[in-house]
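Residue-level listing of the chains:
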Amino acid sequence: MRILFMGTPEYALFALKALVAAGEQIVGVVTQPDKPKGRGYELCPPPVKVYAMEQGLPVYQPATLKNGAFDEELKALAPDLIVVVAYGKILPQTVLDFPKFGCINVHGSILPEYRGAAPMQRAIIDGKTETGVTTMQMAAGLDTGDMLVKVKVPIGENDNFEDIHDRLGVAGAEALTETLARLRAGTLTAIPQDDTLATYAAKIEKADCLLDFSKDARTLHNLIRGLSPFPLAFTCTPDGKMLKVPESRVGEKKAPDGAASGTVLALDNTITVACGNGTTLEILRVLPEGKGRMSAADYIRGRRLSVGDMLG
RNA sequence: CGCGGGGUAGAGCAGCUUGGUAGCUCGUCGGGCUCAUAACCCGGAGGUCGGGAGGUUCAAAUCCCCCCCCCGCAA
């Protein structure tokens, strides 16, 4: 079966590598164009491109797929199936309809929950204890296609985005492998999504990353781990600098009555902050503005905070 | 030329504006106190202050010039 792979970030690599490992006939890899990134705006190839080139797979980086821009290549590649994992662009109907077996997408949630851009982060931020991946037969809407195979994955109370990302990557590869096997065997069943149960995992915005200490510690902890190691939740120190928080834990102690939310209660090896409902949050690692990541203990040693300071 | 921060002891920082014995918190080593301790007390080791047999100066971590490296923001 001639498979065309479309994907861009690290996450897509799990699936692509699984296809390669299974000896699938990958006729090409479509990924986003190189983009200027990092300091100095150096042009950076997406992870999928780097790997595909190492494997000697033909790489395509069309600026757009709209208006038949990619039709010629598509005809030449003549895929029987397109596998899409976090490609980053909407596929026009002409592309969706082109392959005999259509387009199959690997999505990082148990559909119909968390359709959209940031399913993994949103599941963690919402404090879910379980998530997973779903393969689907792609349709025109946003992650609305009929569901094929699901693989569930537990979320531990201290797992962060990276942990879940990697675990879902493995699960996604597994789900894709099974989907292809059943497609060949003719045992694949497509289950329509119940739209009334659908939820939407909106893209993470800067405003989502601001820590609001009037919320309770558990909620803040979920936000912190859901955004770690990227893009990171943050707060502000009394001198107006941004302080990002890669790692935390829910404090065991209660905040004293009358302690305003955001008050620094203790500075030993961690930064203990008063949160909503008398809860406390312990900040374990930080990323000061203009600095690198460091432990809270190291940050405290630099004497940049005092007990009684307000964060937020 | 996208904007900005920084390279001082193993770690995190101060000192640089107003040149003149290199300091703080922690770690580490030794000793003491203690039933005991990651607690407390005393003492010690550890730094060519990123590099340039550069410039200015009686004197440079500090002022000027060149180079290297690291990081944050933004994308």
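Residues numbered from 1 in each chain as written. Chains lettered and ligands numbered in written order. Predicted model: local features only at pLDDT ≥ 70, side-chain atom pairs only at ≥ 80, totals over all residues. Heavy atoms only, no water.

**Q** Tell me what's going on with the pattern of salt bridges, and back it up with residues and numbers.
**A** All told, the structure shown has eleven salt bridges when counted by the stated rule. The partner of E113 in a salt bridge is K128, and the shortest N-O contact between them spans 3.7 Å. Note that E113 is positioned in the loop between β7 (103-107) and α5 (119-125) and K128 in the loop between α5 and β8 (130-137), a separation of 15 residues in sequence. Classification of K128 by relative accessible area gives partly exposed; the value is 30%. (Salt bridge = Lys/Arg side-chain N within 4 Å of Asp/Glu carboxyl O. Helix = DSSP H or I, 4+ residues; strand = E, 2+ residues; numbered from the N terminus. Buried < 20%, exposed > 50% of the residue type's maximum accessible area, 1.4 Å probe, protein only.)

**Q** How would you summarise the side chain of T263 if you had to cite specific residues and measurements?
**A** Relative to the helices and strands, T263 is located in the loop between β11 (242-250) and β12 (264-267). For T263, a relative accessible area of 12% gives the class buried. Here the side chain of T263 touches A260 through a polar contact of 2.6 Å, landing on its backbone oxygen. (Polar contact = N/O pair within 3.5 Å; in protein donor to acceptor, adjacent residues only side chain to side chain.)

**Q** So what's going on with the protein's contact with RNA strand B? Residues and values would help.
**A** Surrounding RNA strand B, one finds 18 residues, the nearest of these being R39, K244, K291, D298 and R304. Sugar and phosphate atoms represent 53% of those atoms of RNA strand B found within 4 Å of the protein. In the environment of RNA strand B, a phosphate oxygen lies 2.8 Å from a nitrogen or oxygen atom belonging to the side chain of R304. Contributions of two or more residues to the surface near RNA strand B are made by β3 (35-37) and α8 (296-301). Among the residues making up the surface near RNA strand B, the classes are represented as four nonpolar, five polar and nine charged. (Near = heavy atom within 4 Å. Nonpolar A, V, L, I, M, F, W, Y, C, P; charged D, E, K, R; others polar.)

**Q** Help me get a handle on the packing of aromatic side chains, residues and values and all.
**A** Considering all chains together, one arrives at one aromatic pair under this definition. The ring centre of F234 lies 4.9 Å from the NZ or CZ of K206, which sits over that ring. (Phe/Tyr/Trp six-rings, centres within 6.5 Å; stacked < 30°, edge-to-face > 60°. Lys NZ or Arg CZ within 6 Å of the ring centre and 35° of its normal.)

**Q** Can you break down the packing of helix α1 (residues 10-21) against helix α6 (residues 161-185) residue by residue, with the values?
**A** α6 packs onto α1 with a crossing angle of 35° between their chain directions and a minimal axis gap of 8 Å. Of the two possible hands of crossing, α1 and α6 adopt the one that is right-handed. In this structure, α1 contributes E10, Y11, F14, A15, A18 and L19 to the contact, and α6 contributes H165, D166, L168, G169, V170, A173, L176, T177 and L180. Of the residues assigned to the contact of α1 with α6, the class counts are ten nonpolar, three polar and two charged. (Axes fitted to C-alpha atoms, helices over the stretch in contact; angles between N-to-C directions. Left-handed = near helix turned anticlockwise from the far one by under 90°. Contact = heavy atoms within 4.5 Å.)

**Q** Just give me the short version of unusual backbone geometry, but keep the residues and values in it.
**A** The peptide bond linking S228 to P229 adopts the cis configuration, its omega dihedral lying at 10°. Along the chain, P229 falls in the loop between α7 (217-226) and β10 (233-236). The omega angle of the peptide bond from F230 to P231 is 5°, so this bond is cis rather than trans. If you trace the backbone, P231 turns up in the loop between α7 and β10. Phi is positive for D143, which is not a glycine, with a value near 55°. For D143, the position within the fold is in the loop between β8 and β9 (146-154). Using a relative accessible area of 13% as the deciding quantity, one classes D143 as buried.

**Q** Got a sec to walk through α7? Specific residues and values, please.
**A** In terms of burial, α7 is largely enclosed, as eight of its ten residues are buried. Looking only at α7, the buried set comprises A217, L220, H221, N222, L223, I224, R225 and G226. Considering only its buried residues, α7 is in contact with α5, α6, β10, β11 and β14 (280-288).

**Q** Outline the nonpolar core, listing residues and values.
**A** In globular proteins that are soluble, nonpolar side chains generally tend to be buried together. The biggest cluster of nonpolar side chains holds 38 residues, and the ones touching the most others in it are F5, L16, V29 and V85. The element best represented in this core is α6, accounting for eight residues. Once you skip the residues sitting within four places of it in the chain, F5 turns out to touch A12, A15, L16, L19, G28, V29, V30, V48, V83 and V85. Counting 28 residues, the second largest nonpolar core, distinct from the first, contains I125, V264, I283 and I300. (Core = buried A, V, L, I, M, F, W, Y, C linked by side-chain atoms within 4.5 Å.)

**Q** Explain the domain arrangement of chain A to me, and be specific about the residues and the numbers.
**A** According to the domain assignment, chain A contains domain 1 (2-201) and domain 2 (206-301). Averaged C-alpha coordinates put domain 1 and domain 2 at centres separated by 34 Å. Between domain 1 and domain 2, the residue contacts involve 13 residues of the former and eleven residues of the latter. Here domain 1 and domain 2 share an interface that buries about 960 Å² over both sides, 47% of which is from carbon and sulfur atoms. The largest contributions to the domain 1 side of the interface with domain 2 come from I125, E157 and F161, which together make up 45% of the buried area. Taken together, the connections running from domain 1 to domain 2 amount to two salt bridges. (Domains from an automatic or database assignment. Buried area = accessible area lost by both parts, 1.4 Å probe.)

**Q** So what's going on with helix α2 (residues 47-54)? Which residues, and what values?
**A** Of all the residues in α2, the buried ones are V48, K49, Y51 and A52. One side of α2 carries all its buried residues, which in axial view fall inside an arc of 170°. Among the exposed residues of α2, those pointing more than 90 degrees away from its buried face are M53 and E54. Contacts from the buried residues of α2 go to β1 (2-7), α1, β2 (25-30) and β5 (59-60). (Arc of directions from axis to C-beta.)

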